[in-house]
Amino acid sequence: MENWSWMLDESASSVGPQIDRLYYIILVITGIVFVATEVTLLYFLFKYRHREGHKAEYIHGNTKAEIIWTAIPALIVLAIALMSRGLWAEIKDPANVPADAMRVMLEAKQFEWNLTYPGPDGELRTGDDFTVRNRLDIPLDRPTVLEMTSVDVIHSFFVPDFRLKQDIVPGMAMQMWFQPTRAGVFPIGCAELCGIGHTRMRGTLTVHSPADYQAWVNEQVQGAASAAEPAAPAPATQAQ
Amino acid sequence: MATHAATAEGHATGAGHDEHHKLSFIRTYIFSTDHKMIAKQFLLASLLFLLIGGILAGLVRWQLGFPGQPIPFIGSMFSDTTAPGGIILPEFYNSLVTMHATFMIFFAIMPLLVGVWGNFLIPLQIGAPDMAFPRLNTASFWISVPAGILMLASFFVEGGAAGAGWTSYAPLSANPEYSGVHMGQVLWLVSLIILGFSSLTGAVNYITTIINMRAPGMTWFRMPLPTWSLFVTSWLLLLAIPILTGGLIMLLFDQTIGTGFFNPATDGEPLLWQHIFWYFGHPEVYILILPAMGLVSEVISNRARKPIFGYHAMVLAIISIAFLGWVVWGHHMFQSGMNPLLGTSFMISTIIIAVPSAIKVFNWLGTLWKGDIHFDVPMLHALAFVAMFIIGGLSGIFMASAPVDIPIHDTYFIVAHIHYVLFGGSLFGIFAGITFWFPKMFGRMMSPKLGKIHFWVTIFAYNAVFFPMHNLGLRNHMRRIYDPNSYEYLQPLQGLNTFISIAAFILIAGQMIFAFSFFYSMFFGEKAEQNPWKSNTLEWTAAGHPPGHGNFPGGTPHVYRGPYEYSSPESNEDFLPQGVPPEPVRRGAVPREPGFLPTGD
Ligand SMILES: [Cu+2]
Ligand SMILES: [Cu+2]
């Protein structure tokens, strides 16, 4: 039965509660309009059903009613638009990308996500970077910025619990930031049809406590160092 | 009332027109220039494509409801490159999803609304003898035939049919290296380019006919709403199709001769395709719904025996929806990487479009208010249109809000929304139209009993299929994925997916009732009276079912009033046709043919 729910699962990112709030506002408004219009429809169908010897009333319209039912929906949808506008800017405005964020590079290709992390020096594009496949691991206490590129077709990076989705267009450098609000393991999916293997282009996002995150980074770096000796490719930790 | 001429008499008048006899079989049934015959050709062809689209949907639902299991009964018929042993392969699944939408949108719903009713209703409702360009009209149908054949043929070429989605986002659609499909994609592109010419020739014809050939007295604001909506739709076609065709040609060049319009490696721009596609694609959504709104308005006013509530507002709503429809395309691209500032302006324009849509719904409710409602089969479908369009319209507000669109974009919530608009809206509108005008097209009534069974099966099964898709979307079920179970978090939804699939099979099977009733009634249905629905519009006063060559053998009708004068105090009955002169005129010269002015011939 819970599959039939109109409620959203609890979110795990800073923008999640705001998106969810807007969703619930729209759900309530549209829910009221839905019930009101459908009940009116059914009531009219019952009340004005054909009866012998009865004639319909000759009415062409009512300007006052028409003005009212134009103005009210207009005000409601404008209110929704204004609320949406503010939140949209908050999420998407490049000026809002936090300066202290950890930066991770994401390269999408058929049908995998390759994530490159800054090594112990905390800087990307230096010698100690390491790459992991289909796993995004981040600390809880800092925002993360993904620098995203695609090498072939359009993919869409989708983290349902974070209320996060961004198409990644080849030839375009794109950015997306987020701030987790709780530790845990969350699924990552590809939301844009990207070819035969689209259905298996998935990964996991793990939010660590700060200490756990450091331990994870160290583990990856050591793994990379020991793997580098027998000239093996960069360690690819397969999710699932 | 003068319009109740007996059927037999009607036939005699129509057939008596001698020009009608001279035409050979080929000129009458195949390369006909008669708009009514062309409408029937479009009707049969597009019902066939509706069936094909439905079967493809059934296969998609099989994979989602029973993943990895062999298709029952027909499984062994599939080749090893599509579904070996009846088990659907992922590449075939992508083709099925792509081609289901392609056939339904371009080859079923669009011609069922525009090709069929544009042809059948426009000349009859405005009192014209035929289309402005009858031969162009013949061409418009016959151009669409090779397009359909090429699209069907693409299933049988190497690599299979196109599999990049009906939206064919580049670079997936531009480069066979990425999709594994080359010939199928080329045929998809060529077919749609050809089909575009069919739509264009049709649109030019409808616009010219309506502007130039309205009968005396048929002023703009006396035009029935189906004709109004088809007029506005034709403008959308005329302006949108060339944009799509341009984009298709660019994509075809990318796919075949090595250009790189959409290829980033040669400084091409993948998002350009999306802008072109949706600049066409959003007006296309209105091309697919406005004519259905027109048909439904006609049926509701007629069966409620009441003037349409706010006729002028209805016309203005159609026009403003069409205008606003040009500035909202970016709402399909909120998550595409387009500049977020653009997203803001598209969000506001999109959300404003809810207003004229709401006006239409309230005016339909207003028409029912204090009416005298007859629940005939066309009315059931028209009322279902209103009830379902409300759901489709309201669910649209969720994704119109760009932040809320983030989680639901590209999920089953969108699939639910589009089907509430295109099936709950357009297709119920089409059923309303076919069951309403069937007597005028074929001279016989469709069986009310079969019609009611078909309606109730359809409305229940339809909602069982598409309503829970909203919930799938809210559980983050992506669209277009071959095997949802590959995601652990989607595995608990398998039961719901299976439920939807079973309902879908019932829905598809239920349409066979309609198919049977359609063909049975065509030959064995009860003979229709001249004006079985006691309608006001001119097509019902044109003699004959269908009217003979030239439509109005008694001479060009004269129009005295608006199309929805039902239950007018001016008449003892509950209708007052557009062509019946008002009292003082009637006392003078009694027209020779009921409903027409005598002409000088
Ligand atoms: Cu992908
Ligand atoms: Cu749109």
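Residues numbered from 1 in each chain as written. Chains lettered and ligands numbered in written order. Predicted model: local features only at pLDDT ≥ 70, side-chain atom pairs only at ≥ 80, totals over all residues. Heavy atoms only, no water.

1. Notes on the coordination of the copper ion (ligand 1)
Residue and element names in this part refer to chain A.
- Within the protein, the copper ion (ligand 1) binds to His 155 (ND1), Cys 190 (SG), Cys 194 (SG) and Met 201 (SD); these donor distances fall in the range 2.1 to 2.4 Å.
- Around the copper ion (ligand 1) sit four donor atoms; with metal-centred angles ranging over 88 to 124°, the donor geometry is tetrahedral.
- Here the donor residues of the copper ion (ligand 1) are spaced in sequence according to H-x34-C-x3-C-x6-M. With His 155 in strand β6 (residues 155-159) and Cys 190 in strand β9 (residues 184-190), the pair connects residues that are 35 residues apart, well separated along the chain.
- His 155 gets classed as buried once you look at its relative accessible area, which sits at 0%. (Donors = N, O, S within 2.8 Å, 3.2 Å for Na, K, Ca; no water. Tetrahedral: all angles 85-135°; square planar, octahedral: opposite > 155°, others 65-115°. Helix = DSSP H or I, 4+ residues; strand = E, 2+ residues; numbered from the N terminus. Buried < 20%, exposed > 50% of the residue type's maximum accessible area, 1.4 Å probe, protein only.)

2. Things to note about the interface of chain B and chain A
- Facing 99 residues of chain B, the contacting portion of chain A comprises 82 residues.
- Here chain B and chain A share an interface that buries about 7,900 Å² over both sides, 69% of which is from carbon and sulfur atoms.
- Ranking the residues of chain B by area buried against chain A places B:Phe398, B:Ile406 and B:Arg475 at the top, with a combined share of 8%.
- Along the contact surface separating chain B from chain A lie two salt bridges.
- Residue A:Glu57 is joined to B:Lys370 by a salt bridge in which the shortest nitrogen-to-oxygen separation is 4.0 Å.
- Taken together, chain B and chain A are joined by 30 residue pairs in polar contact (both at pLDDT 80 or more).
- Grouping the constituent residues of the side of chain B that touches chain A by class yields 60 nonpolar, 25 polar and 14 charged. (Contact = heavy atoms within 4.5 Å. Buried area = accessible area lost by both parts, 1.4 Å probe. Salt bridge = Lys/Arg side-chain N within 4 Å of Asp/Glu carboxyl O. Polar contact = N/O pair within 3.5 Å; in protein donor to acceptor, adjacent residues only side chain to side chain. Nonpolar A, V, L, I, M, F, W, Y, C, P; charged D, E, K, R; others polar.)

3. Let's talk about the coordination of the copper ion (ligand 2)
- Around the copper ion (ligand 2), the donor atoms from the protein are B:His282 (ND1), B:His331 (NE2) and B:His332 (NE2), and they sit 1.7 to 2.0 Å away.
- Along the chain, the residues donating to the copper ion (ligand 2) fall in the pattern H-x48-H-H.

4. Here we look at the pattern of salt bridges
- Applying the stated criterion across every chain, the model contains 13 salt bridges over all chains.
- Across the salt bridge formed by A:Asp9 and B:Arg475, the nearest N and O atoms sit 3.2 Å from each other. Linking A:Asp9 in the segment before α1 (16-47) with B:Arg475 in the loop between α18 (448-474) and α19 (494-524), this pair reaches from one chain into another.
- On the basis of relative accessible area, B:Arg475 is assigned to the buried category, the value being 10%.
- Across the pair B:Asp34 and B:Lys36 runs a salt bridge, and its minimum N-O distance is 3.0 Å.
- The exposure class of B:Asp34 is buried, given its relative accessible area of 12%.
- A residue is classified by how much of its surface remains accessible, and B:Lys36, at 1% relative accessible area, is buried.
- Salt bridges linked by common partners bring A:Arg103, A:Arg125 and A:Glu147 together as one network.

5. A few points about the domain arrangement of chain A
Residue and element names in this part refer to chain A.
- Looking at chain A, the domain boundaries give domain 1 (16-94) and domain 2 (102-228).
- Computed from C-alpha coordinates alone, the two centres of domain 1 and domain 2 are separated by 41 Å.
- Contact residues are listed per partner, giving six residues for domain 1 and four residues for domain 2.
- Together, the buried faces of domain 1 and domain 2 total about 360 Å²; carbon and sulfur atoms form 37% of this surface.
- On the domain 1 side of the contact with domain 2, Ile 19, Asp 20 and Lys 92 bury the most area, a combined 60% of that side's loss.
- A salt bridge links Asp 20 to Arg 163; its shortest N-O distance comes to 2.7 Å.
- Inspection of the domain 1/domain 2 interface yields three residue pairs in polar contact (both at pLDDT 80 or more).
- Elements represented by at least two residues in the side of domain 1 that touches domain 2 include exactly α1 and α2 (63-92). (Domains from an automatic or database assignment.)

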